[in-house]
Amino acid sequence: MNAAQTKDKEYLFERMPVPGAVMQLSLPIVISSLVTILYNLADTFFVGMLNDPVQNAAVTLVYPVILAFNAVNNLFGVGVSSAMSRSLGAREYDRVRTCSAFGFYGALASGLLFSLLCTVLRTPLLRLLGTDAQTLDATMGYMGWTVCFGALPAILNVVQSYMVRSEGSTLHASIGTMSGCILNILLDPIFILPWGFNMGAAGAGLATFLSNCVACLYFLVLARVKKGATYVSMNPMQLRRLTGAQVRDILGVGVPASIQNLLNVLGSTLLNNFTAPFGAAAIAAMGISQKLYMIPMQIALGFSQGIMPLVSYTYASGDRPRMKQAILFALRVIVCFLLALTALYLLFAPAMIRAFMDNEQIIAYGARFLRVMSLGFVFLCVDFLAVGVFQALGMGRHALVFAICRKLVLEIPLLFLMNLVYPLYGLPFAQFITEVFLASMGLLMLRRIFRQNDQR
């Protein structure tokens, strides 16, 4: 990387006004997250146009397995990007290249292994997901393309996006992600609907697979074009420089983030299993509500992941006041935005569900689910921002505590309790109550971090 490019990155991380730096790093990720949401909603929307709850239920039932991709994404993406940004702040450039090579080849091997295991264990996995005779064929078709064939490109393109983002190139990271998402939206109706290939849920899976391949290809070409102008390396020879301390540093952040997502899979699977006895309409309604819930979730995640490189860099370089300013500015922006989204969801929940399926039973279920979920939006953003800060600072144990509290201590026991007290309709309250507790914990822990840094 030449001196001019290095100075540009130093200006972004060290001297650009904090609001400008936060927005430059976060907005491309938030925009790409919104496009990603559209891509996730596209499957549900176009499958919903078939007006067949079974096809829509198939997309919902496979969702926990797709969530499991994030366990690998976080293991290598979050862990490696945190190490890369902190190394940049300490000006240890060789270490940045070594960490990125470890992330790339770790994601490659993990994607292949994930695909193989899901293919070999497909039958018991489908049973575990809550399929029955009615939903089995559609679920198998969707899972074949998105998981059995699609695990590798889905994982690899996300991990590469994290690595590109870690050195401040958020625009390229967003373009790569959005290219696949936009292609998915364009391909969905062609493969799903009767006027096209009429493949139903399986067509949605095929569109997702092809779009992830294109996004993965973008990052591979980008690495080739920017060779010499980036610290991101895919050279396997870099792995010879990898030390045990570097691996422990990466895994110290990546493993807790991975565990958090594995627990998310468990929670999502339990939610589907609790919903399944009420029929395909209830499953479809829960699936649509969860996809709409992803809009505020991805916005909150976009901001928290967007400021990670800035927080990591300023922490490693010793500029703690700038780090604190960045965190507080991001918090103010995202809280205001999610308050507005909460009001929107509470007012227009039935219309939002109807946009996906014009079925009165599904609309009745979904509107009630969605309104309860919306109550937790503001708490969700505080929780996500706190976890993002812990990951940026290399505080993997703090992130692990949050992951354990989120699922094992709070949400999963609450799912059992709320389903017992208020069957089906009580399930979304488990998420809301969990977010309230975690947001309170997050604010207390951030306050502690700020106090410790003020004393330095």
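Our structure's up above, just so we're on the same page.
Described in the following lines is the structure provided in the data block. (Residues numbered from 1 in each chain as written. Predicted model: local features only at pLDDT ≥ 70, side-chain atom pairs only at ≥ 80, totals over all residues. Heavy atoms only, no water.)

Points about the overall build of the chain
Turning to step 1, where the next piece is worked out: From N to C terminus, the chain includes 17 helices and 0 strands.
Turning to step 2, where the next piece is worked out: In terms of C-alpha radius of gyration, the chain reaches 21 Å, essentially the compact-globule figure of 23 Å for 456 residues.
Turning to step 3, where the next piece is worked out: Within the chain, buried positions represent 61% of all 456 residues.
Turning to step 4, where the next piece is worked out: Looking at the chain alone, contacts between residues at least 24 apart form 83% of all its contacts between residues at least 6 apart.
Turning to step 5, where the next piece is worked out: Accessible area of the chain: about 17,700 Å², with a carbon and sulfur share of 68%.
Turning to step 6, where the next piece is worked out: Between the averaged position of the 31 positive side-chain charges in the chain and that of its 19 negative side-chain charges there is a distance of 9 Å. (Helix = DSSP H or I, 4+ residues; strand = E, 2+ residues; numbered from the N terminus. Rg over C-alpha atoms; globule rule 2.2 N^0.38 Å. Buried < 20%, exposed > 50% of the residue type's maximum accessible area, 1.4 Å probe, protein only. Contact = heavy atoms within 4.5 Å. Areas by Shrake-Rupley, 256 points an atom, 1.4 Å probe, with all protein chains shown as cover. Lys, Arg positive; Asp, Glu negative; His and termini not counted. Charge placed at Lys NZ, Arg CZ, Asp CG, Glu CD.)

Some words on the nonpolar core
Turning to step 1, where the next piece is worked out: Within the largest apolar cluster, 134 residues are counted, with the highest numbers of intra-cluster contacts made by F114 and L292.
Turning to step 2, where the next piece is worked out: With 17 residues, the top contributor of residues to this core is helix α3 (residues 53-89).
Turning to step 3, where the next piece is worked out: Judged by nonpolar contacts, the second largest core, of 5 residues, contains L187, F191, A207 and F209. (Core = buried A, V, L, I, M, F, W, Y, C linked by side-chain atoms within 4.5 Å.)

A closer look at the state of the cysteines
Turning to step 1, where the next piece is worked out: Summed over all chains, the structure comprises 0 disulfides.
Turning to step 2, where the next piece is worked out: Here C216 is not cross-linked by a disulfide; its sulfur's nearest cysteine counterpart is in C213, at 7.2 Å.
Turning to step 3, where the next piece is worked out: This cysteine, C405, is not joined by any disulfide, and C381 carries the nearest cysteine sulfur, 19 Å off. (Disulfide = S-S within 2.5 Å.)

A few points about the packing of helix α7 (residues 151-166) against helix α8 (residues 170-192)
Turning to step 1, where the next piece is worked out: Two numbers describe how α7 lies on α8: the axes approach to 7 Å, and their chain directions differ by 160°. The orientation of α7 relative to α8 falls into the category roughly antiparallel. Between α7 and α8 lies a crossing of left-handed hand. Between α7 and α8, the contacting residues are S161, V164 and R165 on the first element and T170, H172, A173 and T177 on the second. (Axes fitted to C-alpha atoms, helices over the stretch in contact; angles between N-to-C directions. Parallel < 35°, antiparallel > 145°, perpendicular 65-115°, else oblique. Left-handed = near helix turned anticlockwise from the far one by under 90°.)

Here we look at the side chain of D249
Turning to step 1, where the next piece is worked out: Note that D249 resides in helix α10 (residues 244-275).
Turning to step 2, where the next piece is worked out: Within polar-contact distance, the side chain of D249 engages the side chain of R86 at 3.2 Å. (Polar contact = N/O pair within 3.5 Å; in protein donor to acceptor, adjacent residues only side chain to side chain.)

Notes on the environment of Q391
Turning to step 1, where the next piece is worked out: Position of Q391 among the secondary structure elements: in helix α15 (residues 377-392).
Turning to step 2, where the next piece is worked out: By relative accessible area, which is 4% here, Q391 ends up buried.
Turning to step 3, where the next piece is worked out: For Q391 and Q305, which are 86 residues apart along the polypeptide, the C-alpha to C-alpha distance reads 9.3 Å.
Turning to step 4, where the next piece is worked out: Each residue touching Q391, except ones within four places of it in the same chain, is listed here: V78, S82, V253, A257, Q305, M308 and A399.

Some points on the pattern of salt bridges
Turning to step 1, where the next piece is worked out: Under the definition given, this model contains 12 salt bridges.
Turning to step 2, where the next piece is worked out: R97 is the salt-bridge partner of D94, the closest N and O atoms lying 3.3 Å from each other. Note that D94 and R97 are positioned in helix α4 (residues 93-120) at a spacing of 3 residues, about one turn of the helix.
Turning to step 3, where the next piece is worked out: For D94, the salt bridge goes to R241, with nearest N and O atoms at 4.0 Å. Taken together, the residues span a long stretch of sequence, with D94 in helix α4 and R241 in the loop between α9 (201-225) and α10 at a distance of 147 residues.
Turning to step 4, where the next piece is worked out: By sharing partners, the salt bridges in this structure join R86, E92, R95 and D249 into a single network. (Salt bridge = Lys/Arg side-chain N within 4 Å of Asp/Glu carboxyl O.)

Some details on helix α12 (residues 308-317)
Turning to step 1, where the next piece is worked out: The element α12 is largely enclosed, with a buried count of 7 among its 10 residues.
Turning to step 2, where the next piece is worked out: The complete set of buried residues in α12 reads M308, P309, L310, V311, S312, Y313 and T314.
Turning to step 3, where the next piece is worked out: Directly beyond the C-terminal end of α12, a positive phi value near 90° is found at G318.

Notes on helix α14 (residues 360-374)
Given 3.6 residues per turn, any residue in an α-helix points the same way as the ones three and four places further on.
Turning to step 1, where the next piece is worked out: For α14, which comprises 15 residues, the first-to-last C-alpha distance of 21 Å matches the rise-based estimate of 21 Å (1.5 Å per residue) to within 8%.
Turning to step 2, where the next piece is worked out: Every buried residue belonging to α14 is among I362, I363, Y365, G366, A367, F369, L370, V372, M373 and S374, and all of these are buried.
Turning to step 3, where the next piece is worked out: A side-chain oxygen of the first residue of α14 lies 3.0 Å from the backbone nitrogen of Q361; this N-cap is N359. (Expected span 1.5 Å × (residues − 1).)

Here's the deal with the packing of aromatic side chains
Turning to step 1, where the next piece is worked out: Applying the stated rule across the entire model yields 16 aromatic pairs.
Turning to step 2, where the next piece is worked out: For the pair W145 and F149, a centre-to-centre distance of 5.2 Å together with 35° between the ring planes defines the contact as tilted. With W145 and F149 both in helix α6 (residues 136-149), this residue pair falls 4 residues apart, about one helical turn.
Turning to step 3, where the next piece is worked out: By relative accessible area, W145 is classed as partly exposed at 26%.
Turning to step 4, where the next piece is worked out: F149 sits in the exposed class, given a relative accessible area of 53%.
Turning to step 5, where the next piece is worked out: By the ring-pair criterion, three or more aromatic residues cluster together here, those being Y365, F369, Y422 and Y425.
Turning to step 6, where the next piece is worked out: Sitting over the ring of Y162, R165 keeps its end group 4.8 Å from the ring centre. (Phe/Tyr/Trp six-rings, centres within 6.5 Å; stacked < 30°, edge-to-face > 60°. Lys NZ or Arg CZ within 6 Å of the ring centre and 35° of its normal.)

A word on the environment of G20
Turning to step 1, where the next piece is worked out: Positionally, G20 belongs in helix α2 (residues 18-48).
Turning to step 2, where the next piece is worked out: Note: C-alpha distance between G20 and N273 (253 residues apart in sequence) is 45 Å.

Re a nonpolar patch on the surface
Turning to step 1, where the next piece is worked out: Together, L113, L116, L117, V120 and L121 make up a nonpolar patch on the protein surface, roughly 490 Å² of accessible area in all.
Turning to step 2, where the next piece is worked out: When you line up the elements, L116 lands in helix α4.
Turning to step 3, where the next piece is worked out: On the basis of relative accessible area, L116 is assigned to the exposed category, the value being 52%. (Patch = residues over 30% accessible without salt bridge, like charges linked within 9 Å, V, L, I, M, F, W, Y side chains within 5 Å.)

Some details on the packing of α15 against helix α16 (residues 396-421)
Turning to step 1, where the next piece is worked out: In contact at an axis separation of 8 Å, α15 and α16 are set at 145° when each is read in the N-to-C sense. Of α16, the residues touching α15 (which contributes D383, F384, V387, F390 and Q391) are H398, A399, F402 and R406.

Overview of unusual backbone geometry
Turning to step 1, where the next piece is worked out: Positive phi outside glycine occurs at R91, with the angle close to 60°.
Turning to step 2, where the next piece is worked out: Within the fold, R91 resides in the loop between α3 and α4.
Turning to step 3, where the next piece is worked out: A relative accessible area of 39% means that R91 is categorised as partly exposed.

Note that every value here comes from positions in space, so none of it alone points to a role or purpose.
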